[in-house]
Amino acid sequence: MSTKELRQKAKTLAKEHEYQQYMIERYLALWGEEDTLRFLEACEQPIRTSIRMNTLRMESEKTVERLQKKRIELEKIPWLSNGYYADFEGHSTPGAFLEHMLGFYYVQGVPSMTTVEVLDPQPDETILDLAAAPGGKTTHIAQQMHNSGIVVAVEMDRRRISSLESNILRCGVTNAIVLRGDAKKVERLNLEPDRILLDAPCSGEGLIPLDPTRKTSKSMADVRFCATKEDELLDAAVTVLAPGGTIVYATCSIAPEENEYIVDEILKRHPDMKIVPIPLDFGTPGYSEPFGVSLDESLKLSKRFLPHLHGTEGFFICKMIKEGKA
Amino acid sequence: MKPELLDPIEWETIIEAIDKEFGIGVTKKLLGKLTPMALVHGNWRNIYLIPTSWMDMLFEEAPSGFDYHLVGKQLGVMTQDRFRLSLQILPDLVKLTTKVLIVSKQGAESFTYGRSILKQSVLYMDFNLKRGQRVLVMDEDHFCLGIAALSMDASRLGRLGKDKLVGKNLVDIGWFIRRLG
């Protein structure tokens, strides 16, 4: 497709599906027409509700049993140890159940749960969770660590800290320290974490199935602005990571500018950082040549969730290690 | 919020407040091998229990540009001269006290919506409990839903009409949802 044809096609599709034209142009360039149409269609479909059983409060099997008695249909998510699709249709919201108030489960998207499984936190480690609110991943990390070691959760937004605290209390997390502050300044904490999770604030382009206003609410300038912030955050994070440590970088954006491009720059700036394979069976490989731009080949080891391929919100997950001995 | 060690007098006040309501020695058991500390915000002193190994890290000023908001296990909040237990500590407390009130399924639901407890919802309560006593409110499966203050002596329960108030809701786990909207 020539540039002119692509623009014309994008204009037509953007009008038809009520997107900004620049977005469709990029989808066509990334995926071609057929997959773009599938993507646009998938974004109109609801995302299945998913929950994580919180074993800090209750054994997974018992929560499953209690919910099934209340006629909630549950389906185990194959690659997640405590993740389930949950059909709450005909009930009030998933948050109104007694089991939720008791902290037996957390309503959480499949990609978010997957991010923590990829991080693979271990008991007694020191873990840094950057941009941590509302706390789904912080509480999941604590769960994987059996409440041992320390999870340092950093969040800038004062209002979002309330939800972070509330979820930590509800889920019975006792190994967390919550700090309000700018994650770009983490070197001031004098920590050398074994693992870092950075689910970076992003343009949210992957969330269109959950938030249709995203079709028109952000410009390309917003994507670039987010990319600058993400680069600064990831740079700060890899700088403090302990030698031999692991970092997982994730966003709920599908834009390569916020994902593969960011990681590629980090690999150039920090030669001791390496992308490592993700030993879980989900998603599709990240891109090493998005829009014809050659990036580090190892970016194919990162993973993407896409609405039209996986029935989830769009998400990017990349696991890296810092060479050296712990 | 600024981290502070508790002075012995403040800690004694907290021990007294908890033990008086839930039984002698309960606070010591809640503490276990942890250390009490406070995050101070104006007149509010949020009391947390932390592993001693965290002390060195916390008792320096928060790093420039950062502010502590939560550390370890939340025991409760001290406001002026009153101590209020945190919802987070209740599952631990349940194992250590007999000051409980068990309510029916309907009563449990109503309580988690912030309502108080009526006679018709009460399934079990110790006969010796007196008016004003704080009790842990539990559902039929013995999960703790919050704290109530008895509005009458338990010995009078049999003489009450079914729509009469038994326990005033002080705090309940529905707060987690109401707080976030």
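Rules behind the numbers
Residues numbered from 1 in each chain as written. Chains lettered and ligands numbered in written order. Predicted model: local features only at pLDDT ≥ 70, side-chain atom pairs only at ≥ 80, totals over all residues. Heavy atoms only, no water. Helix = DSSP H or I, 4+ residues; strand = E, 2+ residues; numbered from the N terminus. Buried < 20%, exposed > 50% of the residue type's maximum accessible area, 1.4 Å probe, protein only. Contact = heavy atoms within 4.5 Å. Areas by Shrake-Rupley, 256 points an atom, 1.4 Å probe, with all protein chains shown as cover. Lys, Arg positive; Asp, Glu negative; His and termini not counted. Charge placed at Lys NZ, Arg CZ, Asp CG, Glu CD. Pairing = 2+ DSSP bridges. Axes fitted to C-alpha atoms, helices over the stretch in contact; angles between N-to-C directions. Salt bridge = Lys/Arg side-chain N within 4 Å of Asp/Glu carboxyl O. Expected span 1.5 Å × (residues − 1). Polar contact = N/O pair within 3.5 Å; in protein donor to acceptor, adjacent residues only side chain to side chain. Domains from an automatic or database assignment. Buried area = accessible area lost by both parts, 1.4 Å probe.

**A word on the overall build of chain B**
Right, on to step 1. The secondary structure content of chain B amounts to 6 helices and 12 strands.
Right, on to step 2. Referenced to the eigenvectors of the C-alpha coordinate spread, the extents of chain B come out at roughly 60 × 40 × 30 Å.
Right, on to step 3. A burial count over chain B gives 51% of its 181 residues as buried.
Right, on to step 4. Partitioning the contacts of chain B with sequence separation of at least 6, the portion at a separation of at least 24 is 60%.
Right, on to step 5. Surface summary for chain B: the accessible area is close to 9,300 Å², and the carbon and sulfur share equals 52%.
Right, on to step 6. Side chains of chain B carry 24 positive and 21 negative charges; the gap between the two charge centres is 9 Å.

**Structural notes on the sheet that holds strand β1 (residues 50-53) of chain A**
Think of a sheet as strands paired side by side through backbone hydrogen bonds, with each pair either parallel or antiparallel.
All names here are of chain A.
Right, on to step 1. Read from one edge of the open sheet, 4 strands run β2-β3-β1-β4, paired in antiparallel fashion. A single partner strand is all that each edge strand has here, and the edge strands are β2 (73-76) and β4 (105-107). Looking at each pair of strands side by side, their axes are set apart by 35 degrees on average, direction ignored.
Right, on to step 2. The strands touched by helix α3 (residues 60-69) within the sheet are β1, β2, β3 (83-87) and β4, with β1 carrying the most contacts at an inclination of about 135 degrees.
Right, on to step 3. Across the sheet, helix α5 (residues 110-119) is in contact with β1 and β3; its angle to β1 comes to roughly 35 degrees.

**What to know about the pairing of strand β5 (residues 126-130) of chain A**
Residues and elements named next belong to chain A.
Right, on to step 1. The element β5 is largely enclosed, with a buried count of 4 among its 5 residues.
Right, on to step 2. Pairing of β5 with strand β6 (residues 150-155), which is carried by 5 bridges, proceeds in the parallel orientation. By the bridge assignment, L128 is partnered in β6 with V152.

**Thoughts on the pattern of salt bridges**
Residues and elements named next belong to chain A.
Right, on to step 1. One pass over the structure, following the stated rule, counts 28 salt bridges over all chains.
Right, on to step 2. A salt bridge links D35 to R38; its shortest N-O distance comes to 3.2 Å. Of this pair, D35 and R38 both sit in helix α2 (residues 21-42), 3 residues apart, which is roughly one turn of that helix.
Right, on to step 3. The exposure class of D35 is partly exposed, given its relative accessible area of 23%.
Right, on to step 4. Overall, the relative accessible area of 39% leaves R38 in the partly exposed class.
Right, on to step 5. Residue R66 pairs with E99 through a salt bridge whose shortest N-O separation is 2.9 Å.

**Some words on helix α7 (residues 158-170) of chain A**
Residue and element names in this part refer to chain A.
Right, on to step 1. Between its first and last C-alpha, α7 extends 19 Å over 13 residues, near the 18 Å set by a 1.5 Å rise per residue.
Right, on to step 2. Listed as buried for α7 are I161, S163, L164, E165, S166, N167, I168, L169 and R170.
Right, on to step 3. The N-cap residue of α7 is D157: its side-chain oxygen and the backbone nitrogen of R159 are 2.9 Å apart.
Right, on to step 4. Count one or two residues on from α7 and you reach G172, which has phi positive near 75 degrees.

**As for the sheet that holds strand β3 (residues 44-50) of chain B**
All names here are of chain B.
Right, on to step 1. Read from one edge to the other, the open sheet built from 5 strands follows the order β1-β2-β3-β5-β6, with strand pairing classed as antiparallel. Looking at the sheet topology across the chains shown, the edges are occupied by β1 (2-5) and β6 (82-85). Going from strand to strand, the sheet's axes swing by 30 degrees on average, the running direction of each strand aside.
Right, on to step 2. Here strand β5 (residues 73-79) runs beside β6; their pairing, made up of 4 bridges, is antiparallel. When the sheet's bridge partners are listed, G76 is paired in β6 with L85.
Right, on to step 3. Those strands touched by helix α1 (residues 8-22) are β2 (35-41), β3, β5 and β6, and its axis lies near 105 degrees from that of β5.

**Structural notes on the domain arrangement of chain B**
Often, the extent of an interface is quoted as the loss of accessible area upon association of its parts.
All names here are of chain B.
Right, on to step 1. Partitioning chain B into domains gives domain 1 (3-89) and domain 2 (98-180).
Right, on to step 2. Put simply, the middle of domain 1 and the middle of domain 2, counted by C-alpha atoms, are 27 Å apart.
Right, on to step 3. Counting residues at the interface gives 5 residues for domain 1 and 12 residues for domain 2.
Right, on to step 4. Counting each side, the surface lost to burial between domain 1 and domain 2 is near 710 Å², with a carbon and sulfur contribution of 66%.
Right, on to step 5. Its largest share of buried area at the contact with domain 2, domain 1 owes to E21, F22 and L87, together 81% of the area lost on that side.
Right, on to step 6. Linking domain 1 with domain 2 are 0 salt bridges, by the criterion used here.
Right, on to step 7. Between the two partners, domain 1 and domain 2, sit 2 residue pairs in polar contact (both at pLDDT 80 or more).
Right, on to step 8. Only α1 and β6 provide two or more residues apiece to the side of domain 1 that touches domain 2.

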